[in-house]
Amino acid sequence: MSILGTRVLRTEDPGFLTTGAVYTDDVRLPGACHVFFVRSPVAHARIASVDASAALEAPGLLAVFTGADLAGLPRLAPPMPGMINGAMGQPLLATGVVRFVGEPVAVVVTEEPYQGEDAAELVDVDYDPLPPVIDMTGAADGASVLFPDAGTNVAASFGDAAELKTGLFDGCDVVVTRTIVNQRVAPAPMEPRAAAAVWGEDGRLTAWIPNQGAQGTRDSLSEMLGIEPAGLRVITPDVGGAFGAKFGADPEHAVVCWVARQLGRPARWAEARGENLVGMTHGRAQRQTVTIGGSRDGTVAAYRLEILQDAGAYPRFGAFLPALTILMAPGPYAFGRAEAVATSVVTNTTPVGAYRGAGRPEATAAVERAIDLFAAEIGMDPADVRRKNLLPKFTEPHTTAFGAVYDSGDYAAALDKALAAAGYAGLRAEQAKRRAAGEVVQLGIGISCYVEITGPGMEEGGPRENATVEVHPDGSATILTGTSPHGQGHATVWAMLASDELGIPIDKITVKWGDTDLIPEGGGTGGSRSLQQGGAAVQQASQELIEVARQRAAETLEASPADLVFDAGRSAFAVAGDPAASVPLAALAEPERLFVRAVFSAPGPTFPFGTHVAVAEVDTETGKAVVRRMVTVDDAGTVINPLLAEGQRHGGIAQGVAQALCEEVVYDADGNPLTATFADYAVLSPTEVPSFELADMATPTSYNPLGAKGIGEAGTIGATPAVQNAIIDALAHLGVRHIDMPASPQRVWQALRSASAGDG
Ligand code: MCN
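Presented here is an overview of the structure given in this document. (Residues numbered from 1 in each chain as written. Predicted model: local features only at pLDDT ≥ 70, side-chain atom pairs only at ≥ 80, totals over all residues. Heavy atoms only, no water.)

## Re the site of the ligand
In step 1: What surrounds the ligand is a group of 31 residues, the closest being Gln488, His490, Ser530, Gln648 and Ile711.
In step 2: One of the backbone N or O atoms of Leu531 is found 2.9 Å from an oxygen atom in the ligand.
In step 3: Between the ligand and Asn641 there is a distance of 2.9 Å, counted from an oxygen atom to a backbone nitrogen or oxygen.
In step 4: The protein chains hide 95% of the 840 Å² of surface that the ligand would expose on its own.
In step 5: Counting residues per element, the ones that place at least two in the shell around the ligand are helix H13 (490–502) and helix H14 (530–557).
In step 6: Here the element with the most residues in the shell around the ligand is H13; it accounts for 3 residues.
In step 7: Among the residues making up the shell around the ligand, the classes are represented as 10 nonpolar, 17 polar and 4 charged. (Near = heavy atom within 4 Å. Polar contact = N/O pair within 3.5 Å; in protein donor to acceptor, adjacent residues only side chain to side chain. Areas by Shrake-Rupley, 256 points an atom, 1.4 Å probe, with all protein chains shown as cover. Helix = DSSP H or I, 4+ residues; strand = E, 2+ residues; numbered from the N terminus. Nonpolar A, V, L, I, M, F, W, Y, C, P; charged D, E, K, R; others polar.)

Given below as structure tokens:
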């Protein structure tokens, strides 16, 4: 019987729970020096001078380096060449000008790790303040241009705002428009960034970096250091969470490698939490203007989304995020007309990058808020408005007005399933009762229907991934994968997939990743691509291995390959009709090694979908909102390991709720971060979320033989607007139409005050 689809426990966990993981900071490197970054305390300034003389006297000090020392190195290569303004590249250490609080300006290198922070305080940097541009609207105005050579604050544009159709909303009975904020959040992984580097006598660099793909990290490091990819090896130790923000290498990683070469000894770096909250890329950071129009029967005729993206001080992946938001702008709806445009601008804030969902949560948040605004305006139940406008079920690919090719979907079924699981009618009745009684604590029900893209495949030639499967004479097997798990459980599921084909027990299968010498090619883990591409490659390699082994078995058994049957139950070949004439698979692994490397190519990305229903209670006197229930349907096609898929949903939903409820990176008007500690940046804790109620639904895709779509980001995409809509819904009868995220008690209370003053 197949183990696919069963709740196999994570094979990773006994190690994590007993001997512990080996993170980058645990990698032993005798004789290593320690790098500490001197970071800018101001958001925008000219560096008048750097005086390191006092620091040079500090205990344990080995060296101080500034941007001038790195003059020979290339700038940080923009991640999306051609699309992003090339004059906005980030130097590895600031030269001339600093552009955000936290930007690396210099490094001190010490014998012991604890000596770095003290020595860094003795580096005297003289800053001539320049006017900071903190707000993205101010940046778009262009009154103060942050990169004079670029001549603009626009890092990238998607579509032309001047060409928006004037007649888009012609014929609509009702048109609602609103500007909403999808606030900046911090990925805040448990393990902050780190690096360890050593140059060999052969001149080759080995770098240990927590990342989401060793191969991409190698390539970005090689660009920053100006060396060939073959000249370095990246090893990925255990990774304590990444959430999209550990894709590729950051300037700090390149500097640590450079220091190791400069000093001729191993170098290492591990950042503190405060550095992480200002130095690691942030996520989201969009200002969206939604306009939605239609008729009073609930039919939406037209939808427009205008996006202003804050790319932060230097354009990274964040500048590109609107492309994904635009692609998914209409979500699961069959709007008659839709259009979307975006501009990404630079500001004097931490650079923005990918964060779980990367561009798609922003699309869902916009359209789901727009639907609720429209429903409130025409006085119709938001569930009914959704049902009326969802695309009908389809099994053949459907191409949207934005060029996305949705592979398969049944959006109305997901909505109905979620509403049934939540007991929607009963919730509305309870809400009506509380409203009629004028209770202090009101009930809100928020719905969010979504479709998202997984495995988008930025690589040339379309999405693909490789895997090598090798069977050993002792009956064990090894898998090499180009994916890079950091909590997703690939070691378990990749072993399940190989075991299912080869009949080798999963505890005899070792999964390896994250070493560019061992696995030179690979797309890493992001965009929830891993199972549908990397897992499919494991299955394909296993199947191809059976065929290689069949030839060998035919020789051993002196039979025709066509007459052989592979019995996965016994992990052996037998002659058809003569089970006694058999040979174990493992016996065929010598004298010649038995392995296959396969590349799985997908016809395209897949489009998981679902519906989230949030139930919230809001105290109308204090503004405090509490999420009471989260009921979700997340259809990721065929599920290979429900335990892991549910774990991914749990984590994602928690992060999604967090954005709606409490998380926000805040700057003051001068660009000082006000959320640089966990005392100020409110990460969600278990006390703020209820037990999640997960309903099952599986609409397989035809884009891979597993029938699987991605599940890793579904939670952050569906949950956020559901919670936001629920909180607003609780107060709708009091005239509240919108509250920006996060729905802090203060914001909720203010919204109530404005509504009672007649300004909802
Ligand atoms: N799975 C399954 N059946 C499916 C889909 C997935 O059994 N139909 C299983 C897979 O086998 C895998 C897991 O669920 O074990 C997630 O698979 P997939 O959806 O392919 O996503 P990825 O493995 O590519 O994970 C990426 C995704 C992203 S983009 C972010 S960001 C993210 C996330 O996963 N960051 C995480 N989950 C995280 N989980 C942890 N613990 N830490 C992070 O940093």
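## Observations regarding the sheet that holds strand E18 (residues 441–451)
In step 1: Reading across from one edge, E18-E26-E27-E28 is the order of the 4 strands in this open sheet, with mixed pairing throughout. Bordering the open sheet on either side are E18 and strand E28 (692–695), each of which pairs with just one other strand. On average, each strand axis in the sheet is tilted by 15° relative to the strand beside it, whichever way the strands run.
In step 2: With 11 bridges joining them, E18 and strand E26 (residues 609–619) adopt antiparallel strand pairing. In the strand pairing of E26, Ser448 is matched with His612. (Pairing = 2+ DSSP bridges. Axes fitted to C-alpha atoms, helices over the stretch in contact; angles between N-to-C directions.)

## With respect to the pattern of salt bridges
In step 1: Summed over all chains, the structure comprises 41 salt bridges.
In step 2: With its nearest N and O atoms 2.8 Å apart, the salt bridge here joins Asp250 to Arg193. With Asp250 in the loop between strand E11 (232–235) and helix H6 (251–263) and Arg193 in the loop between strand E8 (174–185) and strand E9 (194–199), this residue pair connects regions lying 57 residues apart in the sequence.
In step 3: Residue Asp372 pairs with Arg386 through a salt bridge whose shortest N-O separation is 2.9 Å. Of the two residues, Asp372 sits in helix H9 (residues 360–378) while Arg386 sits in helix H10 (residues 382–389), which places them 14 residues apart along the sequence.
In step 4: Judged by its relative accessible area of 11%, Asp372 is buried.
In step 5: With a relative accessible area of 0%, Arg386 lands in the buried category. (Salt bridge = Lys/Arg side-chain N within 4 Å of Asp/Glu carboxyl O. Buried < 20%, exposed > 50% of the residue type's maximum accessible area, 1.4 Å probe, protein only.)

## Re the side chain of Arg552
In step 1: Note that Arg552 resides in helix H14.
In step 2: For Arg552, a relative accessible area of 17% gives the class buried.
In step 3: At 3.0 Å, the side chain of Arg552 and the backbone oxygen of Glu592 are in polar contact.
In step 4: Among the polar contacts listed, one links the side chain of Arg552 to the backbone oxygen of Arg593, at a separation of 2.9 Å.
In step 5: Other than its neighbours up to four places away in sequence, Arg552 contacts Leu588, Ala589, Glu592, Arg593 and Leu594. (Contact = heavy atoms within 4.5 Å.)

## Focus: helix H17 (residues 745–756)
In step 1: Helix length check: H17, at 12 residues, gives a terminal C-alpha distance of 16 Å against a target of 16 Å (1.5 Å per residue), a fit within 8%.
In step 2: Buried within H17 are the following residues: Val748, Ala751, Leu752 and Ala755. Seen end-on, H17 carries its buried residues on one side only, within an arc spanning 100°. Opposite the packed face of H17, turned more than 90 degrees from it, sit the exposed residues Gln746 and Arg753.
In step 3: On the buried face of H17, the contacting elements are E26 and helix H16 (714–730). (Expected span 1.5 Å × (residues − 1). Arc of directions from axis to C-beta.)

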